[in-house]
Amino acid sequence: MKFSSATVTSISMIAIAKATGAFSLGATKSVIGASLQHSKNLSRQLQRAPLAMISSSTEATPSSVADLEFNPLLDQDGLPKFASIKPSNLSPAVKHLLEKLEKDFTDLESKLSSDTSDFDDVLPVIEKLQFPLGYVWGVAGHLNGVKNGDELRAAYEENQPDVVKAMTQFSQSRALYDALTAVETSLKSADENDFKIQQQKRAVEGSLRGMKLGGVGLDGEAKERFNEIKMRLAELSTKFGNHILDSTKAYGLNVENADELKNVPASAKGMWANAHKTHLTTEGEEEAGEIDAEKGPWRITLDGPSYIAALSHVPDRDIREKIYKAYLTRASDIGDDSNSNVPLVYEILKLKEEMSHILGFNNYAEMSLTSKMAPSVASVKELSELVLEKALPAAEAELAAVTALARSEGGDEYSEENMEKLSPWDTTFWSERLKESKFELTEEELRPYFSLPLVLGGMFSLVERIFNIKVEAADKDVETWNTDVQFFKVFDVDSEKHIASFYLDPYSRPADKRGGAWMDVCIGKSEACERDIPVAYLTCNGSPPVGDKTPSLMTFREVETLFHEFGHGLQHMLTDATVGDVAGIHGR
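Let us look at the structure shown here. Predicted, not measured: the structure shown is a model, and the values here were computed from it.

## Points about the overall build of the protein chain
Secondary structure assignment for the protein chain yields 20 helices and seven strands. Burial analysis of the protein chain (588 residues in total) assigns 47% to the buried set. Of the contacts made within the protein chain by residues no fewer than 6 positions apart, 72% connect residues no fewer than 24 positions apart. Accessible surface, the protein chain: about 28700 Å² in total, of which carbon and sulfur atoms supply 52%.

## Let's talk about the nonpolar core
Formed by 60 residues in total, the largest nonpolar core has its most connected members in Leu176 and Tyr503. Looking at this core, the elements with two or more residues in it are α5 (90–111), α6 (123–146), α7 (150–171), α8 (174–187), α9 (195–213), β6 (518–523) and β7 (535–542). For this core, the leading source of residues is α6, giving twelve residues.

## Looking at the sheet that holds strand β5 (residues 498–507)
If you walk across this open sheet you meet the five strands as β3-β4-β5-β7-β6, and the pairing is mixed. Each end of this open sheet is capped by a strand with a single partner; those strands are β3 (469–473) and β6. The mean inter-strand angle of the sheet, taken between neighbouring strand axes irrespective of direction, is 25 degrees. Of the strands in this sheet, β3, β4 (486–492) and β5 are in contact with helix α19 (residues 452–467), which crosses β3 at around 155 degrees.

## Side note on the packing of aromatic side chains
Scanning the model with the defined rule gives 20 aromatic pairs in all. The interplanar angle of 90 degrees and the centroid separation of 5.6 Å between the aromatic rings of phenylalanine 82 and tyrosine 503 together place this pair among those described as edge-to-face. Taken as a pair, phenylalanine 82 in the loop between α4 (65–69) and α5 and tyrosine 503 in strand β5 lie far apart in primary sequence, 421 residues in all. For the pair shown, phenylalanine 82 and tyrosine 503 are each scored as buried. On the basis of an interplanar angle of 65 degrees and a centroid distance of 6.3 Å, the ring pair of phenylalanine 82 and tyrosine 537 is categorised as edge-to-face. You can see phenylalanine 82 sitting in the loop between α4 and α5 and its partner tyrosine 537 sitting in strand β7, a full 455 residues away along the chain. As far as the burial class goes, phenylalanine 82 and tyrosine 537 line up, both buried. Ring-pair connections join several aromatic residues into one group, and the members of that group are Phe82, Trp481, Phe487, Tyr503 and Tyr537. The ring of tyrosine 327 carries arginine 330 above its face, with NZ or CZ at 3.9 Å from the centroid. Geometry around tryptophan 518 places arginine 514 over its ring, the cationic atom sitting 3.8 Å from the centre.

## Re the environment of aspartate 494
With respect to the helices and strands, aspartate 494 occurs in the loop between β4 and β5. With a relative accessible area of 64%, aspartate 494 lands in the exposed category. C-alpha separation for the pair aspartate 494 and asparagine 468, spaced 26 residues apart in sequence, amounts to 7.7 Å. Here asparagine 468 takes part through its side chain, which lies 2.9 Å from a polar atom of the side chain of aspartate 494.

## Quick word on unusual backbone geometry
Cis geometry is found at the peptide bond from glycine 296 to proline 297, where omega equals 0 degrees. Tracing the backbone through its elements, the reader meets proline 297 in the loop between α11 (266–282) and β2 (298–300). Here the phi dihedral of asparagine 468 falls at roughly 60 degrees; this positive angle occurs in a residue that is not glycine. When you line up the elements, asparagine 468 lands in the loop between α19 and β3. For asparagine 468, a relative accessible area of 28% gives the class partly exposed. The phi torsion at glutamate 530 lies on the positive side, around 55 degrees, for a residue other than glycine.

## Quick notes on the side chain of glutamate 558
If you trace the backbone, glutamate 558 turns up in helix α20 (residues 556–573). For glutamate 558, which is buried and forms no salt bridge, the nearest opposite charge comes from arginine 447, at a distance of 4.9 Å. Those residues in contact with glutamate 558, other than ones at most four positions away along the chain, are Pro305, Gly542, Ser543 and Leu553.

## A look at the environment of alanine 250
Inspection of the secondary structure puts alanine 250 in helix α10 (residues 220–250). Residue alanine 250 is classed as exposed on the basis of its relative accessible area of 64%. Sequence spacing of alanine 250 and alanine 511 is 261 residues, and the spatial spacing of their C-alpha atoms is 8.7 Å.

## Describing the pattern of salt bridges
Using the criterion set out here, one finds 26 salt bridges in the structure. The closest approach of N and O atoms between glutamate 205 and arginine 209, which form a salt bridge, is 3.9 Å. Linking glutamate 205 with arginine 209, this pair stays in helix α9, spanning four residues, or about one helical turn. For glutamate 205, a relative accessible area of 38% corresponds to the partly exposed category. Residue lysine 435 is joined to glutamate 432 by a salt bridge in which the shortest nitrogen-to-oxygen separation is 2.9 Å. Of the two residues, lysine 435 and glutamate 432 both sit in helix α17 (residues 424–439), three residues apart, roughly one turn of that helix. Salt bridges linked by common partners bring Arg232, Glu235, Lys239 and Glu347 together as one network.

## Section: the pairing of β7
For β7, the buried fraction is high: eight of the eight residues fall into the buried class. Every second residue of β7 is oriented toward a common face, with Val535, Tyr537, Thr539 and Asn541 on one face and Ala536, Leu538, Cys540 and Gly542 on the other, all of them buried. In this structure, β5 lies alongside β7, joined through six bridges in parallel fashion. Looking at the pairing, leucine 504 lines up with leucine 538 of β7. For β6 and β7, the ladder comprises five bridges, and the chain directions are antiparallel. Considered in β7, the bridge of valine 521 is made with alanine 536.

Each value, and the rule that gives it
Residues numbered from 1 in each chain as written. Predicted model: local features only at pLDDT ≥ 70, side-chain atom pairs only at ≥ 80, totals over all residues. Heavy atoms only, no water. Helix = DSSP H or I, 4+ residues; strand = E, 2+ residues; numbered from the N terminus. Buried < 20%, exposed > 50% of the residue type's maximum accessible area, 1.4 Å probe, protein only. Contact = heavy atoms within 4.5 Å. Areas by Shrake-Rupley, 256 points an atom, 1.4 Å probe, with all protein chains shown as cover. Core = buried A, V, L, I, M, F, W, Y, C linked by side-chain atoms within 4.5 Å. Pairing = 2+ DSSP bridges. Axes fitted to C-alpha atoms, helices over the stretch in contact; angles between N-to-C directions. Phe/Tyr/Trp six-rings, centres within 6.5 Å; stacked < 30°, edge-to-face > 60°. Lys NZ or Arg CZ within 6 Å of the ring centre and 35° of its normal. Polar contact = N/O pair within 3.5 Å; in protein donor to acceptor, adjacent residues only side chain to side chain. Lys, Arg positive; Asp, Glu negative; His and termini not counted. Salt bridge = Lys/Arg side-chain N within 4 Å of Asp/Glu carboxyl O.

These results come straight from atomic positions and should not be treated as a statement about function.
Now the structure itself:
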């Protein structure tokens, strides 16, 4: 059976689609996020866990001393030297570290045995071994998401197979598995109320589970095929993300008629006027002129703030339809086939099913749940159906109210004679109008209260009251990958001790930054690696400032997103755990 790209996209959204009817504007976000998760997990594994990576059995060419001497990726005493890092630094650094890891892990394997039962002889040693490569690959993965470019892509893709091979070979080390099993046995008699012991047990449990899922029990053809699948999935995940980014930044709809943007908020028109000027500058037109938000011209793009503003406020249905369909068909078989993710989705699904069967599971869902709270696939379905049962009546009532408003206020084109039901590109627009009429308040009226500096001040004040911490700007202390990026230090109020730090990358940059919002690990807390100050990345795609004088004025949804990601960041930064494999967001 052959499905269209839109159908493939909708597969994972069936329950939500049932519950929301025409409210399907956000469907592609979930699909994109899920497909990128494999690549994101790869970087996180390398940064955090002893089970993340160790050796490569492939012969490595000795790294050039000249390539290493001034390589900022190998300067790991403090924070990454982002302003100094170049894509050309990646390959020499990775090759050098893989050579060292191969030797060091081979030596460790020769010392390990089933009689090795002391925790400190195994996982802390692995943490020290894995940290340097985890540091480098974590920085590379981060830059690939926030400062993507052709040279970095090439370097990342060149080194990814060797890194994946190192991870795979490590997870399949029988000597390490036997040693960890012995450690697990020895910990059974330890004091369960001791926090340190709890960390060690959790770390060993997760490590053994990860090795089982990594194929430690496989031999022969099954092992060989499993490793081929792991390598291919990593490659497909990277391609998937690149296709989405390329499709997003390739599209732009120019609008020159001001009547088509009647009653659109000034912030949205300013954003689109700025996008038009940026586009002209990128195309090499030196006389781009001054930005005029009211007179235009304007350029509507597919990055989050632009897309949402267009679907929410543009009165012209034809424009909304073009933007909606362009967004929904990014990286699909509609348009540029060279960027299509449709064959990739099919191959990913097929490979994940085959992988799960090799490991003895009935399907990939069962395999995935081994490290999650849900006890079974049936329980996930049961919860989905429960949510659907409660949500569907409310969604249908809201859709009916939105439709009624559109028919009463939208004119003849929304009448029952001319339109059986609202189209997906209509629902967001009219739901905004419904909120405005119901609450007598527009989103635009709220934005001046949500300038980024004010929001940050309020958020930091809140966490100071809740967690007794103080957040202070420290931009001058670090190098960053973009001038928009801010850096903060977190202090304990009572002791005044510096306990954590984080980078905040708040704005959308469709030219080189992937969409969405996420928190990730820059440096994890680890006693073994003598890292006592965890550092986080907080990445959003909010509305950028328009011009030099006006700060970013956030929508309420963007404020929610910032708080959400900061919450993940706090889990990472305020951890008391010192075993790297379970500190912060690890070991979940």
